[in-house]
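These are the residues of each chain, in order.
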Amino acid sequence: MMRILSGARRVHGALGRRLRAARLALADRFRPSFGATPEHPAFPVFPPAAFDRLLDRGAALEAEVEPLLRHRFTVFGRRGLDLGFGATAPGRDGHHWPATAPVEADAGGLWLGAHVCRANRARSAAIWALIATGPQALPDYRPIDWQRDPVSGFRWNGRHRSRRLAIAPARGVDIKAAWQTARLQHLPRLAIAAARAGRRGEHPRANRIAAEIRAQALDFLAANPPRHGVQWRSVMEVAIRGANLALALSLLAHAGLAPERAALGVLGAGIAAHRRHVLDNLEWSETARGNHYLSDLFGLAFMALVMPPGTGRDALCAFIAAEIDTETLRQFHADGGSFEGSTGYHRLAAEAVLWGLAALAGAWRADPSWARQVPAGGIRPRPGMPRGPLGSDHAPVSGAALRRLRAATAFAAQLRGDDGAAILIGDDDSGRPLDLDPADGTATPPDPRRREGLLALGEALLSPCDPTGMEGPLARLIAAGPLPSGEAPAAARTQFGEAGLAEAEAPLRDLPPERRRRRSFALPHDDATWRVAVFPDFGVALARRGGAHVAFRCFDPGRLGESGHSHDDNLAVDLVLGPVAIRDPGSRCYTPFPDLRRQYQAADAHDAPRPVGHAATRPGATLFHLDHLATGRLLHASEAGFAGDLVGPGWHVRRIIRLLPTGVTIEDACLTGPLAPAMPAPPACRGYDEPFPNPADPH
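Residues numbered from 1 in each chain as written. Predicted model: local features only at pLDDT ≥ 70, side-chain atom pairs only at ≥ 80, totals over all residues. Heavy atoms only, no water.

## Structural notes on the overall build of the protein
Here's step 1: Secondary structure assignment for the protein yields 18 helices and 16 strands.
Here's step 2: Relative to the globule expectation of 27 Å for 699 residues, the C-alpha radius of gyration of the protein, 26 Å, shows essentially globular dimensions.
Here's step 3: Structurally, the protein occupies a C-alpha span of about 80 × 65 × 60 Å along its principal axes.
Here's step 4: Scored against the burial criterion, the 699 residues of the protein give a buried share of 60%. (Helix = DSSP H or I, 4+ residues; strand = E, 2+ residues; numbered from the N terminus. Rg over C-alpha atoms; globule rule 2.2 N^0.38 Å. Buried < 20%, exposed > 50% of the residue type's maximum accessible area, 1.4 Å probe, protein only.)

Have a look at this one:
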């Protein structure tokens, strides 16, 4: 009976949401979707000493100011892309759309009539007109074409409702490239650069940078009314953009560089529109939620920072705190790994939770009453409001959630090669909620595989250590100090399994040659020993010795909460042994080339043994569904080596890795039939949609 009632509630809720969406779509045809009522932000007060420490770390941001002022952006490693109207796109693997016509952007905003729907034209023009007026006016400002994939040149129609727009309209088009700049992650970096200039007494430069932030934000709001165009197609993107806009304005305000009251009212209303859109469309369900929902919560936490009193801020903070607590324990295993089967999305999810927690901690330290007694009314989020009290006496979330986050950061610290780059497992779209790495004006773009930002963020929030990098000081600034996370999580296991390697090898001795394969890799003999860390919940065992590493992936698909970002990589190995490297090639792309997406998911991309005529996975209904047909089981992990099984319907494969003083041996065997031949992996990627210039050299 309870199951029937639960199902009925879900159906009723879905019907209600569809009816509300239909009413909203009808209303949007006749009235502006962006409200005309100003909402002036209430900015947090930052400790001056902590703000100075943040500025002290921002020297690297100075080099990218000039490119950003000229609207030259880096998108997935492609530097200096011009996002203006009429700019020529470089093309993506031979797929190229011609440049759109340049626009004559008049100061009154009449030019927007061709780019926004009729109901929004007057309001959009009024917002645009602010760019050329006021103390931070930029009369020669050149608009950004927010509707375009800047790599392929394809352009979505900003007059159409977002839900009508195709995510994958044509081969070679990537909607993620259109979304990337519109996350506005460069605005907080510009705000820090402006504050640094002001501190040096370079007031014209500080004002010029602050004016650019104001102009780009107004430009976006004028050209992208809520629920229209490609930039409102994903709730997660709306949340990330709202958070970065709120943070950039907060930093400017503390530096005395905030826009004038008229512009602030519009920008505050824009943040409120983002907040309402996220709350009304939370990416939550009773059974399927992952990094998108965590990103929604992160965005809401940062947008709550600037909510004026009496507008439901306390109720929103209570809701976010309860959900972050619940989702941290749900989406991260006890060993710290992500339940999505991906180290790339582990970073995104962990940073979303940690940044969201930083924003909550700042609000909680200013006034903890909302955690002690949850305010009634104000909002009606889909998961429902929590019952108080929330968190503990020392933090707005539970001690269990804080310990799980410490385990997550420890997991990220371990799963790296000697070069500092993450050992890639599963999908990796290079995504982050905040991105403080300067992308332009430096010798090379930042390596999206590196994890120093996540580690600095976790250390700043969850330990009393001096904050490092840019993320550390910013997290301490927002949270007003570290959070006591209690006892440290248990260290990673160094041994696993009752069976020894000899026992695992015994059934393989009499197999014929077509059912066995053996490889050996040499290392210079020295006195160093192999150090092992095992993460059985996530499903990876790691061995290190000097600059060498061997990572063995072996997991039970039943532990995957969401399998859309996992790969067919059970029993795969990732290793670097001197000059020899077998590396996971990453994720080439998603929607632009579905065949490439599947190629990089497949077992052939991962040095994973498989039997002839059988598959361990099956492509799902969409590019983000992968059905696992076989179960991995880690048999043994120790300083002597690793062993694991993969068992599917009617077949059984085993891999044994021996860690020797002189090198590594890998033995594969199929206990039920011949082994499939090993296939060459596709070219490695430095990041999402970012192949290495030389595919033979993934370093």
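## Observations regarding the environment of His 333
Here's step 1: Along the chain, the position of His 333 falls in the loop between α11 (313-331) and α12 (343-366).
Here's step 2: Look at His 333 and you get buried, because its relative accessible area is 9%.
Here's step 3: It is 32 Å that separates the C-alpha atoms of His 333 and Leu 54, two residues lying 279 residues apart in sequence.
Here's step 4: Setting aside its immediate chain neighbours within four residues, His 333 contacts Ser 338, Phe 339, Arg 404, Asp 537, Phe 538 and Arg 559. (Contact = heavy atoms within 4.5 Å.)

## Observations concerning the sheet that holds strand β6 (residues 548-553)
Whenever strands of a sheet pair, they do so through backbone hydrogen bonds, lying parallel or antiparallel.
Here's step 1: Sheet architecture is open: five strands sit in the order β4-β5-β6-β7-β8, paired in antiparallel fashion. In the strand order of this sheet, the two ends are held by β4 (531-535) and β8 (580-582), each with one partner. The sheet shows a mean angle of 10° between the axes of neighbouring strands, taken without regard to direction.
Here's step 2: Across three bridges, strand β7 (residues 573-577) lies against β8 in antiparallel orientation. From the neighbouring strand, Leu 577 faces β8, where its bridge partner is Val 580.
Here's step 3: Together, β4 and β5 (540-545) form the strand contacts of helix α14 (residues 399-414), whose direction differs from that of β5 by roughly 50°. (Pairing = 2+ DSSP bridges. Axes fitted to C-alpha atoms, helices over the stretch in contact; angles between N-to-C directions.)

## Thoughts on the packing of α12 against α14
Here's step 1: The interhelical angle for the contact between α12 and α14, taken along N-to-C directions, is 140°, at an axis separation of 11 Å. Relative to α14, the element α12 is oriented oblique. The hand of the α12/α14 crossing is left-handed. Contacts between α12 and α14 involve Thr 343, His 346, Val 353, Leu 354 and Leu 357 from the first element and Leu 402, Leu 405, Ala 408, Thr 409, Phe 411 and Ala 412 from the second.
Here's step 2: Considered class by class, the residues forming the contact of α12 with α14 number eight nonpolar, three polar and no charged. (Parallel < 35°, antiparallel > 145°, perpendicular 65-115°, else oblique. Left-handed = near helix turned anticlockwise from the far one by under 90°. Nonpolar A, V, L, I, M, F, W, Y, C, P; charged D, E, K, R; others polar.)

## Comments concerning unusual backbone geometry
Glycine aside, residues mostly have negative phi angles, and peptide bonds mostly take the trans form.
Here's step 1: The linkage connecting Gly 388 with the following residue, Pro 389, adopts the cis geometry, with an omega of -5°.
Here's step 2: Here Pro 389 shows up in the loop between α13 (369-372) and α14.
Here's step 3: With a phi close to 60°, Leu 184 is a non-glycine residue in the positive phi region.
Here's step 4: When you line up the elements, Leu 184 lands in the loop between α5 (175-182) and α6 (186-199).
Here's step 5: One non-glycine residue, Asp 689, lies in positive phi territory at about 55°.
Here's step 6: Positionally, Asp 689 belongs in the loop between β15 (685-687) and β16 (690-691).

## Let's talk about the sheet that holds strand β11 (residues 631-638)
Here's step 1: Taken in spatial order, the five strands line up as β3-β14-β13-β12-β11 in an open sheet, and their pairing is antiparallel. In the strand order of this sheet, the two ends are held by β3 (516-522) and β11, each with one partner. Strand-to-strand twist of the sheet, defined as the mean angle between neighbouring strand axes without regard to direction, takes the value 10°.
Here's step 2: For strand β12 (residues 641-648) and strand β13 (residues 651-660), the ladder comprises eight bridges, and the chain directions are antiparallel. Among the inter-strand pairings, Val 647 is bridged to a residue of β13, identified as His 652.

## Thoughts on the nonpolar core
Here's step 1: Among the nonpolar cores identified, the biggest contains 145 residues, and Leu 251, Phe 302 and Leu 474 are the most heavily contacted of them.
Here's step 2: Top element by residues in this core is α12. It accounts for 15 residues.
Here's step 3: Among residues more than four places away in sequence, those in contact with Leu 251 are Phe 46, Phe 51, Leu 54, Pro 188, Ala 191, Ile 192, Leu 474 and Leu 477.
Here's step 4: Residues Phe 552, Leu 634, Leu 646 and Val 664 belong to the second largest nonpolar core, which totals 30 residues. (Core = buried A, V, L, I, M, F, W, Y, C linked by side-chain atoms within 4.5 Å.)

## Focus on the pairing of β4
Here's step 1: With four of five residues buried, β4 lies mostly within the body of the structure.
Here's step 2: Relative to β5, β4 runs antiparallel, the two sharing five bridges. Looking across to β5, one finds that Val 532 is bridged to Ala 543.
Here's step 3: The hairpin formed by β4 and β5 contains four residues between the paired strands, and Gly 539 there has a positive phi angle of roughly 100°.

## What about helix α16 (residues 471-479)?
Here's step 1: Of all nine residues making up α16, nine are buried, and the element is well covered by its neighbours.
Here's step 2: Those residues of α16 that fall on the buried side of the exposure criterion are Glu 471, Gly 472, Pro 473, Leu 474, Ala 475, Arg 476, Leu 477, Ile 478 and Ala 479.
Here's step 3: Contact partners of the buried residues in α16: α2 (48-56), α8 (235-254), α10 (291-304), α12 and α15 (452-462).
Here's step 4: At the C-terminal side of α16, Ala 480 shows a positive phi close to 60°.

## Re the packing of α14 against α15
Here's step 1: Closest axis-to-axis distance for the α14/α15 pair is 10 Å, and the angle between their directions is 150°. Here α15 runs roughly antiparallel to α14, going by the angle between their axes. Here α14 runs over α15; the crossing is left-handed. Residues Leu 402, Leu 405, Arg 406, Thr 409, Ala 412 and Ala 413 of α14 pack against Leu 454, Leu 455, Gly 458 and Leu 462 of α15.
Here's step 2: Its residues assigned to classes, the contact of α14 with α15 shows seven nonpolar, two polar and one charged.

## Re the state of the cysteines
Here's step 1: Counted by the stated rule, this structure contains zero disulfides.
Here's step 2: Sulfur of Cys 670: no disulfide; nearest cysteine sulfur belongs to Cys 554 and is 15 Å away. (Disulfide = S-S within 2.5 Å.)

## As for the packing of aromatic side chains
For any pair of aromatic rings, the description consists of the separation of the ring centres together with the inter-plane angle of the planes.
Here's step 1: Under the defined criterion, the tally for this structure stands at 14 aromatic pairs.
Here's step 2: Relative to Trp 128, the ring of Trp 111 lies with its centre 5.1 Å away and its plane at 80°, an arrangement referred to as edge-to-face. With Trp 111 in the loop between β2 (78-82) and α4 (121-129) and Trp 128 in helix α4, the pair connects residues that are 17 residues apart, well separated along the chain.
Here's step 3: Counting every residue linked through ring pairs, the aromatic cluster contains Phe 76, Tyr 590, Phe 624 and Tyr 688.
Here's step 4: When the ring centre of Tyr 688 is taken as reference, the NZ or CZ atom of Lys 176 above it lies at 5.4 Å.
Here's step 5: Directly above the ring of Trp 232 sits Arg 241, whose terminal nitrogen or CZ lies 5.5 Å from the centroid. (Phe/Tyr/Trp six-rings, centres within 6.5 Å; stacked < 30°, edge-to-face > 60°. Lys NZ or Arg CZ within 6 Å of the ring centre and 35° of its normal.)

## Section: the pattern of salt bridges
Between side chains of opposite charge, a pair can form when the charged atoms approach closely.
Here's step 1: Under the defined criterion, the tally for this structure stands at 49 salt bridges.
Here's step 2: When the shortest N-O distance is used, the salt bridge between Arg 161 and Asp 28 registers 2.4 Å. With Arg 161 in the loop between α4 and α5 and Asp 28 in helix α1 (residues 2-28), this residue pair connects regions lying 133 residues apart in the sequence. Pair check on accessibility: Arg 161 and Asp 28 agree, each one buried.
Here's step 3: Measuring nitrogen to oxygen at the nearest pair gives 3.7 Å for the salt bridge that ties Arg 275 to Glu 39. Residue Arg 275 is found in helix α9 (residues 261-280), and its partner Glu 39 is found in the loop between α1 and α2; the two are separated by 236 residues along the sequence. An identical accessibility class is assigned to Arg 275 and Glu 39; each is buried. (Salt bridge = Lys/Arg side-chain N within 4 Å of Asp/Glu carboxyl O.)

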